[in-house]
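# Architecture at a glance
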Amino acid sequence: MSDDEDEAFRRLLRGLRVPHAGELPVFDPATAPDAPLPLFRQWLREAADAGEPGPHTMMLATADADCRPSQRTVMLHDADERGWHFGTHRTSRKGRELAERPYASLAFHWMRMGRQVRIAGRVTEAGPEASAADLRGRSPAALAAALAGAGRQSEVLGSYDELLRAFEEAYERAEREPDAPAPTWTLYVLAADEVEFYQEEARRRHVRLRYRRAPGERGGDWHRELLWP
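Here is a short report on the structure shown in this document. Computed from a prediction, not measured in an experiment: that's the story for all the values here. As a convention, each chain's residues are numbered from 1 in the sequence order in which they are written. At least 70 in pLDDT is required for a residue's local features to be given in this predicted model, at least 80 for side-chain atom pairs to be given and counted, and no such filter applies to totals for whole chains, interfaces and linings, which use all residues. With hydrogens and water excluded, all non-hydrogen atoms of the structure serve as input to the side-chain values.

With that settled, consider the overall build of the protein chain. Along the protein chain, the regular secondary structure elements total six helices and nine strands. Summarising its shape, the C-alpha atoms of the protein chain cover approximately 55 × 55 × 40 Å along the three principal directions. When checking whether two residues touch, look at their non-hydrogen atoms; a contact exists if any pair is within 4.5 Å. Relative to all contacts within the protein chain whose residues are 6 or more apart in sequence, the contacts with residues 24 or more apart total 65%. Surface summary for the protein chain: the accessible area is close to 13,800 Å², and the carbon and sulfur share equals 52%. When charges are counted, neither His nor the chain ends are considered; positive counts come from Lys and Arg and negative counts from Asp and Glu. The atom standing in for a charge is NZ when the residue is Lys, CZ when it is Arg, CG when it is Asp and CD when it is Glu. Where the 33 positive side-chain charges of the protein chain centre and where its 38 negative ones centre are 3 Å apart. Note on conventions: DSSP H or I runs of at least 4 residues are helices, E runs of at least 2 residues are strands, and numbering of each starts at the N terminus. The accessible surface values rely on the Shrake-Rupley method and a 1.4 Å probe; as for residues, cover is taken only from the protein chains in view.

This is the structure in structure tokens:
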């Protein structure tokens, strides 16, 4: 590309602004609860009420055996005392990487609220029954996608026509069998040992509150600390 094209692209980036829904909310960390889950649920609910598109979407970062990271956007299926839940095929790239290195991080970004949440910890499989129940709770289109991707997600695709045929077959099966199993579908649970809440501020005096547990301290008390933005 030419120097003019490079400079035009840089000007574009410098001119972009993050959209907010009116004034940013004020976050006083002194009022935060002792554990991160109630605050996370509150922030997600407020993001949904503010009209944030897909507030339950999150970035999932994993790493392979050589510590090479990868990330993708997935949906949050639940968040409870056990951890943050998401589903995928265990034969997919992320599934294989979690089998090799069972640690991951999640990131939520709610632009209208000027908020981010980052979560990190160990990931475990919820088990066959929970995975099957998670699949049954999905929409017909999501079930069809899970059926089509069973054993093939992240693999090389021969042609787009092959994808279309596979999905047509999966849609037909999902309609016939709303409880059709996808044997590789797996519900995962991330048990956090670190959760960070980030609230933007108009003058860039952003608030960062981190909850963390000492390494190996499963189920122990959370320690709270503020971080420089």
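Attention now moves to the layout of surface pockets. Only protein atoms enter the 1 Å grid, on which a cavity is a set of points fitting a 1.4 Å probe that cannot get out and a pocket is an open set with protein on both sides within 12 Å along at least 5 of 7 lines, lining residues being those with an atom within 4 Å of a point. Grid points are joined across faces, edges and corners, and a volume is the space filled by probe spheres set on the points. Estimated volume of the largest pocket: approximately 530 Å³. Surrounding the largest pocket, 26 residues form its lining, His89, Ala145, Gly149, Gln153 and Phe167 being those nearest its centre. For the lining of the largest pocket, the secondary-structure elements that each account for two or more residues are strand 2 (69-75), strand 4 (83-89), helix 5 (140-149) and helix 6 (160-176). The leading source of residues in the lining of the largest pocket is helix 5, at five residues. Ten residues, namely Ala, Val, Leu, Ile, Met, Phe, Trp, Tyr, Cys and Pro, are considered nonpolar, four, namely Asp, Glu, Lys and Arg, are considered charged, and the remaining ones, Gly among them, are considered polar. Grouping the amino acids of the lining of the largest pocket by side-chain chemistry returns 12 nonpolar, eight polar and six charged.

Here we come to a nonpolar patch on the surface. A surface patch of nonpolar side chains, amounting to about 420 Å² of accessible area, comprises Phe9, Leu12, Leu13 and Leu16. Its place among the elements puts Phe9 in helix 1 (residues 3-15). A patch is a set of surface residues, each over 30% in relative accessible area and not in a salt bridge, joined within 9 Å for like charges and within 5 Å for the nonpolar side chains Val, Leu, Ile, Met, Phe, Trp and Tyr. Every case where a carboxyl oxygen of Asp or Glu lies within 4 Å of a side-chain nitrogen of Lys or Arg is listed as a salt bridge.

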